[in-house]
2 protein chains.
Amino acid sequence: MATDIQETYTPRSEIDARLKRLRNRLEKEKIDAALIMETADLFYFSGTAQQAFLHVPTDGPAILMVKKDAQRAFEESSIEQIRALRSQKEMAPVIGSPKTLGMELDVLPVNMYRYFQEQFPDTEIVDISHAVRSLRAVKSAYEIDIIRQASRLSDQLAAFVPRVLEPGMPEIELAGLIEAEARRLGHQGMIRMRGWNSSLFYGHIMGGASAAVSSSLASPTGGVGTTPVFPQGSSFAPIRSGEPVLMDMAFGFRGYLSDHTRIYAIGSLADDLLAAHDAMLEIQELVKNTARPGMTAGSVYELAAERVAELGYADNFMGAGDGRVPFVGHGVGIELDEYPVLARGQKMVLEEGMVVAVEPKAIFPGRGVVGIENTHIVTKNGLEQLGRYPEAVVIV
Amino acid sequence: MATDIQETYTPRSEIDARLKRLRNRLEKEKIDAALIMETADLFYFSGTAQQAFLHVPTDGPAILMVKKDAQRAFEESSIEQIRALRSQKEMAPVIGSPKTLGMELDVLPVNMYRYFQEQFPDTEIVDISHAVRSLRAVKSAYEIDIIRQASRLSDQLAAFVPRVLEPGMPEIELAGLIEAEARRLGHQGMIRMRGWNSSLFYGHIMGGASAAVSSSLASPTGGVGTTPVFPQGSSFAPIRSGEPVLMDMAFGFRGYLSDHTRIYAIGSLADDLLAAHDAMLEIQELVKNTARPGMTAGSVYELAAERVAELGYADNFMGAGDGRVPFVGHGVGIELDEYPVLARGQKMVLEEGMVVAVEPKAIFPGRGVVGIENTHIVTKNGLEQLGRYPEAVVIV
């Protein structure tokens, strides 16, 4: 799995194409320039995630201004104009005084915003976060190739679980062993989430009742965790025979994520849980066969939810009780919570090249979680599923 | 290490004392109420890190309003008034229309701020982030006890490294094995950082030249990482005999962090690097014996930097070249980048009960990193060091 990091630098043709799309969007929205700052966006448009600011005017060249580490930014980024910043004030002459300047206001902290307001009193600062997230939602062939690789690694990790799963093992110990294998396979560690106060540590590896506990995360599964400070994921509870063991893991490879869930059980699993698992597989097939470019993300969810109700799992789908979340999937890429969101009411229209994690799951309080998750590419003909590891409950 | 999560809920006496200090501070700064939202602050003042808003008026009871998961917040928090929020609009009658409302403007995203400005047009929203971070910097006996436990776990993890360190092993594979042991010992996984765009995955486990590569992080070490998207930490480079192997790990236990660094080498290490390591140990002793309540954080740094220059390591201290960062330590607690910052020019005055990670390190480009890090309590008599694992370079 060894990869020379230089070989993973984003090619210039990619950066050029992304900046062109950004400029077109800015022009369409009559915004004079963008100042990109958030790590994932910065990487997307410049190829580097160093501490930096990327200025993209509609009528001039993009300029990358780097606080730390400038030398690495020079190596990583194919932007032609890169400058080391000794002080943030050196940005002023580069930015000038545009009428409107777009920033990522969904994530930019207020104190930084106030600083920019003071520095550019004649400029209106406008939100470009929806535009940027919409652009990033449609992946290039280059990006899809990396996500394919990440998904193959998810499959390899799924195949590893039966080798270490043992009754009586605390969830957190099982998680450690699987996470170590993920690292050996080249997992980057960090999983980026955009939502404020949202965070994930690899994913959710949990057994039985504790897997069915809801959390603060907008996710069908939560988990008890080890502390109320990070109230999700693996706990100290032991894995028991006969309960569903959930491995929902995001594999981060070369900056892109594959999101992948499989269910295991030691010895056996009750028939009604196996049936619920099969129902979730049917929902996955339904979504794969109906989702098409041109459909809204919300209508995909509605079709899934309708069929779930017919199958009798409305009360267990994507949570139980107040913990239910009305969605069936989400975009993935550099961040785990990208556009589109396959959720109730979402008007965003699916496009070819979007990449979505579809994750129908059934939650049974006190008993556990069953269901499936794979990462898929939106194609003309429906979803192309990347995950290949067998989808039935794996009895160990 | 199994811990029943209920036993880790923050006691009511702690929450009451913290809220009292917050109210005193608000009164002193003539702020009518605080609305606490950031995960770490929310946990500190309420005992829960669910998705919630904590309203703390100076003239009435604190009210916790929970979006998800309300049931868990009821269990975790000893706040008397807890309400499940169906919509954010239900917050308006609780908050009323104070003249001034304090929020964490160092981290609050602009779009959320704009929402609150619209909801409370007659209220001035003011920044309480410095106040909140200052309050959190001084730990209670209860918090210090948890940090002591975390630090003992750091020591156990340091003792584990010689069992798995082997020449030729990729850094990322070594990291995986150490991280798995950390999980087995009860590591919570997630390491919280407050700084925008700042993130850390466990810490930095790296060998030789790649450990000496600077990164975007405001930290003496960076590392190559596996991808420019997360350009720090372990890479695919193999660990080699005769080079310093850095294990700088934050141990997260029950929500609190211990920050801890030890250096290992397979076979042997060059005399000049061993000498530099000893110099860093001398700097640690100097800081331990001079830092006192009443001193500014900046003066602690200046004393250390002065002695470093006398010892001849000015060009290697806390980075090399443009990668140098003018600090020698930082507060730790729920977040890794807490107050006080032992850095050039910092006016914050040390107080009894503050907890700091002191981390004098010498960076040799092309060769590696030596030095030490321990977590310490600020006491009347200087720093009480928590880490106990031997501090010399461990030759394996």
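Residues numbered from 1 in each chain as written. Chains lettered and ligands numbered in written order. Predicted model: local features only at pLDDT ≥ 70, side-chain atom pairs only at ≥ 80, totals over all residues. Heavy atoms only, no water.

Residues and elements named next belong to chain A. Examined at the domain level, chain A breaks down into domain 1 (5-136) and domain 2 (139-395). Taken residue by residue, the interface counts 21 residues in domain 1 and 14 residues in domain 2. Carbon and sulfur atoms make up 48% of the surface buried where domain 1 meets domain 2, a total of about 1,500 Å² over both sides. Looking only at domain 1, the three residues that lose the most surface to domain 2 are E14, R133 and R136, adding up to 40% of its buried area. (Domains from an automatic or database assignment. Contact = heavy atoms within 4.5 Å. Buried area = accessible area lost by both parts, 1.4 Å probe.)

All names here are of chain B. Residues K361 and I363 point to one face of strand β13 (residues 361-364) and A362 and F364 to the other, with burial holding for every one of them. In this sheet, strand β14 (residues 368-371) lies alongside β13 in antiparallel orientation, the contact comprising four bridges. For K361, the partnering residue across the bridge sits in β14 and is G371. Turn length for the β13-β14 hairpin, with the two strands adjacent in sequence and antiparallel, is three residues, and the turn residue G366 shows positive phi of about 85 degrees. (Buried < 20%, exposed > 50% of the residue type's maximum accessible area, 1.4 Å probe, protein only. Helix = DSSP H or I, 4+ residues; strand = E, 2+ residues; numbered from the N terminus. Pairing = 2+ DSSP bridges.)

We now examine the UniProt feature "domain: Peptidase M24" (unreviewed entry) in chain A. This chain's UniProt record puts "domain: Peptidase M24" (unreviewed entry) on residues 146-380 of chain A. As a span, residues 146-380 of chain A carries 31% helix and 23% strand, and end to end its C-alpha atoms are 20 Å apart. (UniProt positions renumbered as here; feature names shortened; annotations may be inferred.)

A few words now on the sheet that holds strand β15 (residues 374-379) of chain A. Residue and element names in this part refer to chain A. Strand order in the open sheet made by the five strands is β11-β10-β12-β15-β16, with antiparallel pairing throughout. One side of each edge strand has no neighbouring strand; the edge strands of this open sheet are β11 (338-343) and β16 (382-385). Across the sheet, the mean angle separating the axes of adjacent strands is 30 degrees when strand polarity is ignored. As defined by bridge partners, β15 adjoins β16 across four bridges and the pair is classed as antiparallel. Along β16, the bridge assignment pairs H376 with Q385. (Axes fitted to C-alpha atoms, helices over the stretch in contact; angles between N-to-C directions.)

So, on to the pattern of salt bridges. All names here are of chain A. According to the stated counting rule, one finds 46 salt bridges over all chains in the structure shown. R367 serves as the salt-bridge partner of D272, at 2.6 Å between the closest nitrogen and oxygen. With a gap of 95 residues between them, D272 in helix α10 (residues 271-290) and R367 in the loop between β13 (361-364) and β14 (368-371) connect regions that are remote in the sequence. The exposure class of R367 is partly exposed, given its relative accessible area of 32%. Across the pair K288 and E285 runs a salt bridge, and its minimum N-O distance is 3.2 Å. Taken together, the positions of K288 and E285, both in helix α10 and three residues apart, correspond to about one turn of that helix. (Salt bridge = Lys/Arg side-chain N within 4 Å of Asp/Glu carboxyl O.)

For the structure shown, the criterion picks out eleven aromatic pairs over all chains. Judged by centre distance (5.4 Å) and plane angle (75 degrees), the rings of Y115 of chain A and F116 of chain A are edge-to-face. For F116 of chain A, a relative accessible area of 1% corresponds to the buried category. On the numbers, 4.8 Å between centres and 85 degrees between planes, the contact of Y44 of chain B with F45 of chain B is edge-to-face. Overall, Y44 of chain B belongs to the buried group, its relative accessible area being 1%. Among the aromatic residues, ring-to-ring pairing joins F201 and Y202 of chain A together with F201 and Y202 of chain B into one connected group. One residue, R18 of chain B, lies across the ring of Y44 of chain B, its end atom 4.5 Å from the ring centre. (Phe/Tyr/Trp six-rings, centres within 6.5 Å; stacked < 30°, edge-to-face > 60°. Lys NZ or Arg CZ within 6 Å of the ring centre and 35° of its normal.)

This next bit is on the sheet that holds strand β3 (residues 63-68) of chain B. Residue and element names in this part refer to chain B. The six strands are arranged β4-β3-β2-β1-β5-β6 in an open sheet whose pairing can be described as mixed. The open sheet terminates on both sides in strands that have one partner only, identified here as β4 (81-84) and β6 (124-127). Put simply, the sheet's adjacent strands are angled 25 degrees from each other on average, direction ignored. Summarising the sheet, strand β1 (residues 33-36) and strand β5 (residues 100-103) pair through two bridges and their orientation is parallel.

So, about helix α1 (residues 12-28) of chain A. All names here are of chain A. The end-to-end C-alpha distance of α1, which contains 17 residues, comes to 24 Å, matching closely the 24 Å that a straight helix rising 1.5 Å per residue would cover. Against the buried residues of α1 lie β1 (33-36), α2 (39-46), β2 (51-57), α6 (129-137), α7 (141-164) and β9 (256-265). Among the residues trailing α1, K30 stands out with phi positive, at a value near 55 degrees. (Expected span 1.5 Å × (residues − 1).)

Let us look at the environment of P231 of chain B. The residue P231 of chain B is located in the loop between α9 (208-211) and β8 (245-253) in this model. Sequence separation of P231 of chain B and E282 of chain B is 51 residues, and the distance between their C-alpha atoms is 31 Å. Discounting chain neighbours no more than four positions away, the residues touching P231 of chain B are A49, Q50, R72 and E76 of chain A together with S215, S216, G223 and V224 of chain B.

Tracing the sequence through the fold places H187 of chain B in the loop between α8 (171-184) and β7 (203-207). Beyond its immediate chain neighbours, meaning those up to four positions away, H187 of chain B contacts I172 of chain A together with A182, Y202, A250, F251 and G252 of chain B.

What follows is about empty space enclosed by the protein. Applying the stated criterion to the full structure yields five cavities of 30 Å³ or more. Here the largest cavity defines a volume of roughly 840 Å³. Around the largest cavity, the lining is made up of 40 residues, and of these M193 and S198 of chain A together with M193, S198 and S199 of chain B lie nearest the centre. Classifying every residue of the lining of the largest cavity gives 18 nonpolar, twelve polar and ten charged. Empty space within the second largest cavity amounts to approximately 90 Å³. In this structure, the second largest cavity is lined by 16 residues; those nearest its centre are R183 of chain A together with F201, Q232, G233 and S234 of chain B. Residue assignment for the lining of the second largest cavity shows that the elements contributing at least two residues are α8 and β7 of chain B. When residues of the lining of the second largest cavity are assigned to their parent elements, the largest contribution, three residues, is made by β7 of chain B. Class assignment of the residues belonging to the lining of the second largest cavity gives a composition of six nonpolar, eight polar and two charged. (1 Å grid on protein atoms, 1.4 Å probe; cavity = no way out; pocket = protein on both sides within 12 Å on 5 of 7 lines; lining within 4 Å. Points joined across faces, edges and corners; volume = space filled by probe spheres on them. Nonpolar A, V, L, I, M, F, W, Y, C, P; charged D, E, K, R; others polar.)

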